[in-house]
Amino acid sequence: MDFKDIYQIKDEIEQIQKTYELFNEDARLNRSKAAKVEFITNVRYIEKYLTAGCRILDIGAGAGEYSFYFARRGFEVCALELTDANIKSFRSKLKEDDKIELTQGNAVDLSMYEDESFDIVLLFGPLYHLHSDKDRQKCISEAKRVCKRDGVIFFSFIGNDMVILTELDYDNEYLRGSSYDHDTFKVEDFPFVFFTVDSCRNMLLDGGIKIMHEVASDGISELMEDRINTLDDESYAQYLRYHEYICEKPEFLGMSNHLLFVGR
């Protein structure tokens, strides 16, 4: 099976399952210096709001990159993941002393968790896949329900506008193809759902979220992957400092493959 076959699948959950049988989520955030920029940036923002004893819910936990990072720093983590492939990868890395409760389930139904039971809620995947506004708002509502009133929710999106440039980098014929609307520049929502900065902002405001940060979490790192990966450690550290300097500037937000919104 390839992505052309997955495109023919109409059931949304089955389509997501098959996508992650082909897509190696386990390596996505750690395979290179460029790939790590998103993870490093998101962790830095999460750590702004972490205090001793915080409980973390990682919704759409993937192969567990964030869950393991925080659990192995002493935090209690509950992880929810939908796909069989990612669950298998996650379980293969679990150690006996990892304080992680791993559950297979859907982000639009968090009934296994009590109201206001987490200090930090991570939503770093489900909004990549929910096509209907109704499902997206249900997902946001459930994240709100399980988050404490003084807690913080972190939302990740894939940015529509930068995808066009990164796809062009891979395919010189992309701009002549049919994978996006040539008038509006809206990218076709396959295999992921893509959002502009404005659509992310409006979605969260409609869901009753008070937005505290809007972040270009990886910026142009994918587009410059080959160059970034050749940087020595000193230059890479300075690149991360530069990225930190620009990542909340409004003029740079749309030029990022991934967007991080932080809210209450």
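Residues numbered from 1 in each chain as written. Predicted model: local features only at pLDDT ≥ 70, side-chain atom pairs only at ≥ 80, totals over all residues. Heavy atoms only, no water.

**As for helix H7 (residues 133-146)**
Right, on to step 1. Between its first and last C-alpha atoms H7 spans 20 Å; for 14 residues at 1.5 Å apiece the expected length is 20 Å, and the two agree.
Right, on to step 2. Arg 136, Gln 137, Cys 139, Ile 140, Glu 142, Ala 143 and Val 146 are the residues of H7 that are buried. (Helix = DSSP H or I, 4+ residues; strand = E, 2+ residues; numbered from the N terminus. Expected span 1.5 Å × (residues − 1). Buried < 20%, exposed > 50% of the residue type's maximum accessible area, 1.4 Å probe, protein only.)

**Overview of a nonpolar patch on the surface**
Right, on to step 1. Residues Leu 165, Ile 220, Leu 223, Met 224 and Met 255 make up a contiguous nonpolar surface patch of about 350 Å² in total accessible area.
Right, on to step 2. On the secondary structure map, Ile 220 appears in the loop between strand E7 (211-216) and helix H10 (225-229). (Patch = residues over 30% accessible without salt bridge, like charges linked within 9 Å, V, L, I, M, F, W, Y side chains within 5 Å. Areas by Shrake-Rupley, 256 points an atom, 1.4 Å probe, with all protein chains shown as cover. Salt bridge = Lys/Arg side-chain N within 4 Å of Asp/Glu carboxyl O.)

**So, the layout of surface pockets**
Right, on to step 1. In this structure, the second largest pocket spans a volume of roughly 180 Å³.
Right, on to step 2. Looking at the lining of the second largest pocket, the elements with two or more residues in it are H7 and strand E5 (147-159).
Right, on to step 3. If you tally residues by element for the lining of the second largest pocket, the top one is E5, at five residues.
Right, on to step 4. Residues of the lining of the second largest pocket, tallied by class, amount to three nonpolar, two polar and seven charged. (1 Å grid on protein atoms, 1.4 Å probe; cavity = no way out; pocket = protein on both sides within 12 Å on 5 of 7 lines; lining within 4 Å. Points joined across faces, edges and corners; volume = space filled by probe spheres on them. Nonpolar A, V, L, I, M, F, W, Y, C, P; charged D, E, K, R; others polar.)

**Some thoughts on the packing of H7 against helix H9 (residues 197-206)**
Right, on to step 1. Here H7 crosses H9 at 60°, and the two axes come no closer than 10 Å. Classified by the angle their axes make, H7 and H9 are oblique. Remark: the crossing between H7 and H9 carries right-handed chirality. Between H7 and H9, the residues in contact are Arg 136, Gln 137 and Ile 140 and Met 203, Leu 204 and Asp 206, respectively. (Axes fitted to C-alpha atoms, helices over the stretch in contact; angles between N-to-C directions. Parallel < 35°, antiparallel > 145°, perpendicular 65-115°, else oblique. Left-handed = near helix turned anticlockwise from the far one by under 90°. Contact = heavy atoms within 4.5 Å.)

**Considerations on the packing of aromatic side chains**
Within a pair of aromatic rings, the relevant descriptors are the distance that separates the centres and the angle that separates the planes.
Right, on to step 1. What the rule picks out here adds up to 13 aromatic pairs.
Right, on to step 2. Seen from their ring centres, Phe 68 and Phe 90 are 4.8 Å apart, and the 40° between their planes marks the pair as tilted. With Phe 68 in helix H5 (residues 65-71) and Phe 90 in helix H6 (residues 84-93), this residue pair connects regions lying 22 residues apart in the sequence.
Right, on to step 3. A centroid spacing of 5.0 Å and a plane angle of 85° characterise the contact between Tyr 69 and Phe 70, whose relative ring orientation is edge-to-face.
Right, on to step 4. A residue is classified by how much of its surface remains accessible, and Phe 70, at 1% relative accessible area, is buried.
Right, on to step 5. Three or more aromatic residues joined by ring pairs make a cluster, and in this case those are Phe 39, Tyr 66, Tyr 69, Phe 70 and Phe 124.
Right, on to step 6. The ring of Tyr 45 carries the charged tip of Lys 48 above its face, separated from the ring centre by 5.2 Å.
Right, on to step 7. Between Arg 73 and the ring centre of Tyr 69, over which it is positioned, the NZ or CZ distance is 3.5 Å. (Phe/Tyr/Trp six-rings, centres within 6.5 Å; stacked < 30°, edge-to-face > 60°. Lys NZ or Arg CZ within 6 Å of the ring centre and 35° of its normal.)

**Structural notes on empty space enclosed by the protein**
Gaps left between atoms are located by rolling a probe of water-molecule size over the structure's atoms.
Right, on to step 1. For the coordinates displayed, the defined rule picks out two cavities of 30 Å³ or more.
Right, on to step 2. If you add up the space inside the largest cavity, you get close to 40 Å³.
Right, on to step 3. If you trace the largest cavity, you find it lined by Glu 12, Gln 15, Ile 16, Thr 19, His 129, His 131 and Pro 191.
Right, on to step 4. Classifying every residue of the lining of the largest cavity gives two nonpolar, four polar and one charged.
Right, on to step 5. Its volume calculated, the second largest cavity comes out at about 30 Å³.
Right, on to step 6. As for the second largest cavity, its lining consists of Gly 159, Asn 160, Asp 161, Phe 195, Thr 196, Val 197, Leu 253, Gly 254, Ser 256 and Leu 259.
Right, on to step 7. Here the lining of the second largest cavity is built from residues that sort into four nonpolar, five polar and one charged.

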